[in-house]
Amino acid sequence: MTDTADTPRYRSVWTYLNTVPHTMGWVNAGEVRTRYLEAGNPDGPVILLLHGTAGSLENFCANYGALAESHRVIGIDMLGCGYTDKPDRPYLIPDYAGHALAVLDALGIHEVFVIGVSLGSWVGARLALDHPDRVTRLVMVAPAGVVVDADEEKDFGADVRHRRQNAAQAPSWESVATAMGRLMLNPEDLIDDLVGVRLRIYEQPEMAKAMGHLLAFTDGGQHLSLEEWARLEQPVMVIAAVDAPNMFLDNARLLGQIIRNVEVVEMTGCDHWAQFEQADEFNRVVLGFLGALQREDAR
């Protein structure tokens, strides 16, 4: 198919990855067999990618190539997500963080730069607080784990549980597309391949039961306190999707006020998945953030 003004370029997970040298496999993180994708320089500084609620490593398909030009990049299916094992117990934020740490230990990685989306940003912050020697820098996309409006937070959690549980209990193209419907500002950016990948994951027989465990953190009581956010020692970049005036934009602005060493980047043309909808801009600002910090470290 030839590209024209009226015919958008076809996009899929593979069109983002088909020229990116990478490996995909499983690693035993403690007792949890974990799927991961690795790309880039094996001797470079390490970036750990943490996706959002009930997502998978494909969430970062548009970022591996650019980030891997200068870094060793590790994307994982988080605890119970994607094709990672699904232990039969509720998963709270410390469980997600503990699993991510176990992956790093299994791969022999001590120090990482974390990029997290939504739940992943929350987990990254928890990991950074509990193990400040392991996380050197943190990027938060659609930042979660802080409460601006308790009622809005409660309503959002209930909506997420409803849509994701429905998709896992009765997986279909329609139910999965509905579950993913709030990720993009432009509906055309929810490309078929992203829905198809998520549908295949949700069709796993064990996913119907696992989804309840995956969503246990949405019942409340897991947020970092304002005092904890203020204690973060690492440099932090927060992505504020200014065209999506929702809870996550409010979160970004509040974190910009309370984290000590923070840079808030306003990004247009995106909603929850800035890393996908505005991939070129996202990759540029993230690499600039990391590069500036590396230059400071070298002084």
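Residues numbered from 1 in each chain as written. Predicted model: local features only at pLDDT ≥ 70, side-chain atom pairs only at ≥ 80, totals over all residues. Heavy atoms only, no water.

This paragraph deals with the overall build of the protein. For the protein, the helix and strand inventory stands at twelve helices and eight strands. On C-alpha atoms alone, the protein measures out to a radius of gyration of 18 Å, which is about the 19 Å that the 2.2 N^0.38 rule sets for 299 residues. The dimensions of the protein, computed from C-alpha atoms along their principal axes, are 55 × 50 × 40 Å. Taking all 299 residues of the protein together, the buried fraction comes to 56%. Long-range contacts, defined here as pairs at least 24 residues apart, represent 74% of the contacts in the protein between residues at least 6 apart. Of the accessible surface of the protein, which amounts to about 12,900 Å², a share of 48% is contributed by carbon and sulfur atoms. Where the 24 positive side-chain charges of the protein centre and where its 42 negative ones centre are 3 Å apart. (Helix = DSSP H or I, 4+ residues; strand = E, 2+ residues; numbered from the N terminus. Rg over C-alpha atoms; globule rule 2.2 N^0.38 Å. Buried < 20%, exposed > 50% of the residue type's maximum accessible area, 1.4 Å probe, protein only. Contact = heavy atoms within 4.5 Å. Areas by Shrake-Rupley, 256 points an atom, 1.4 Å probe, with all protein chains shown as cover. Lys, Arg positive; Asp, Glu negative; His and termini not counted. Charge placed at Lys NZ, Arg CZ, Asp CG, Glu CD.)

With that out of the way, let us pick up the packing of helix α3 (residues 93-106) against helix α4 (residues 119-130). Where α3 contacts α4, the axes come no closer than 9 Å and their chain directions differ by 75 degrees. Judged by the angle between their axes, α3 and α4 are roughly perpendicular. Residue-level contacts link Ile93, Tyr96, Ala97, Ala100 and Leu101 of α3 to Leu119, Trp122, Val123, Arg126 and Leu127 of α4. By residue class, the composition of the contact of α3 with α4 is nine nonpolar, no polar and one charged. (Axes fitted to C-alpha atoms, helices over the stretch in contact; angles between N-to-C directions. Parallel < 35°, antiparallel > 145°, perpendicular 65-115°, else oblique. Nonpolar A, V, L, I, M, F, W, Y, C, P; charged D, E, K, R; others polar.)

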